[in-house]
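As a plain string of letters, each chain reads:
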Amino acid sequence: TTSRWNIGEAFFALDPPDRNHHNQAHVFTLASRWTLDCLRAVVAAVESQHDLLRARYTPEARGWSQAYGEGSRPLPVGVMDASALEPSDVASWLDAAATEVQRSLDIQAGPLYQVRLIHLRERDLLLFVIHHLVVDGVSWRILADDLNRLFHQYTRNEPLELGRKTSSFRQW
């Protein structure tokens, strides 16, 4: 499916020098340890629920168009082990790691998001990087709620479900 949309048109009209590196990152402190299998299952369910995570953008003669794929394969997830770091070194390491992950986004080929499970000595973090074409301030709250709900379903061996989609961006 291909569409045009005002927010994206405004973004492309600005003609930013690096269209791929216009993104937002959020680090979630996890209350318990996650596994890579858990991360994959939760992220797959989130991607399935939120159409924009599967979006790709293509330049055309009249501007840019937006199309939706079936999903990211392989899922843009990974694990980073920072458990050997001293607590005083975590912030600078995390900043460098987030910058590296942010550089991997590609609005044409995908993915438009990346997720990293970061193992620290005492806890886990979840680094979620998403292109600004896909997320805004309100969307972060929704994604955080979805991640939390799916994690709890996963740990209780329940089906991973977020309920019926409301009006998706695709329909809107």
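Since the structure is predicted, the reported quantities are computational estimates derived from the model, not experimental observations.

Q: Could you clarify how one ought to interpret unusual backbone geometry in this entry?
A: Negative phi characterises most residues that are not glycine, and trans characterises most peptide bonds. Geometrically, the link from Gly110 to Pro111 is a cis peptide bond, its omega value of -5 degrees lying close to zero. Mapped onto the secondary structure, Pro111 falls in the loop between helix H3 (90-102) and strand S6 (113-119). For Asn157, which is not a glycine, the phi torsion comes out positive at approximately 60 degrees. Tracing the chain through its elements places Asn157 in the segment after helix H4 (137-155).

Q: When you look at the sheet that holds strand S5 (residues 77-81) in this model, what are you seeing that I'm missing?
A: Strand order in the open sheet made by the 4 strands is S2-S7-S6-S5, with mixed pairing throughout. Taken across any chain shown, the strands that pair with only one partner, and hence form the sheet edges, are strand S2 (23-29) and S5. If you compare each strand with its neighbour and ignore which way they point, the axes differ by 20 degrees on average. Of the strand pairs in this sheet, S6 and strand S7 (residues 124-131) are connected by 7 bridges, and their pairing is antiparallel.

Q: Teacher, can you tell me more about the pattern of salt bridges here?
A: Side-chain pairs of opposite charge can arise where the charged atoms are in close proximity. A complete count under the given rule lists 5 salt bridges for this structure. The residue Arg33 makes a salt bridge to Asp124 at a minimum N-O spacing of 2.5 Å. Of this pair, Arg33 sits in the loop between S2 and helix H2 (36-49) while Asp124 is found in strand S7, placing the two residues 91 residues apart along the sequence. A salt bridge links Arg62 to Glu60, with the shortest nitrogen-to-oxygen separation between them at 3.5 Å.

Q: Can you walk me through the layout of surface pockets in this structure?
A: The probe, sized like a water molecule, is rolled over the atoms to show the empty space still left. Approximately 190 Å³ is the volume found for the second largest pocket. Contributing to the lining of the second largest pocket are Phe28, Thr29, Leu30, Ala31, Ser32, Trp34, Leu126, Ala144, Leu147, Asn148, Phe151 and His152. Of all elements in the fold, only S2 and H4 reach the threshold of two or more residues within the lining of the second largest pocket. In terms of residues, the lining of the second largest pocket owes the most to one element, H4, which gives 5 residues. Of the residues assigned to the lining of the second largest pocket, the class counts are 8 nonpolar, 4 polar and no charged.

So, how was this worked out
- Residues numbered from 1 in each chain as written.
- Predicted model: local features only at pLDDT ≥ 70, side-chain atom pairs only at ≥ 80, totals over all residues.
- Heavy atoms only, no water.
- Helix = DSSP H or I, 4+ residues; strand = E, 2+ residues; numbered from the N terminus.
- Pairing = 2+ DSSP bridges.
- Axes fitted to C-alpha atoms, helices over the stretch in contact; angles between N-to-C directions.
- Salt bridge = Lys/Arg side-chain N within 4 Å of Asp/Glu carboxyl O.
- 1 Å grid on protein atoms, 1.4 Å probe; cavity = no way out; pocket = protein on both sides within 12 Å on 5 of 7 lines; lining within 4 Å.
- Points joined across faces, edges and corners; volume = space filled by probe spheres on them.
- Nonpolar A, V, L, I, M, F, W, Y, C, P; charged D, E, K, R; others polar.

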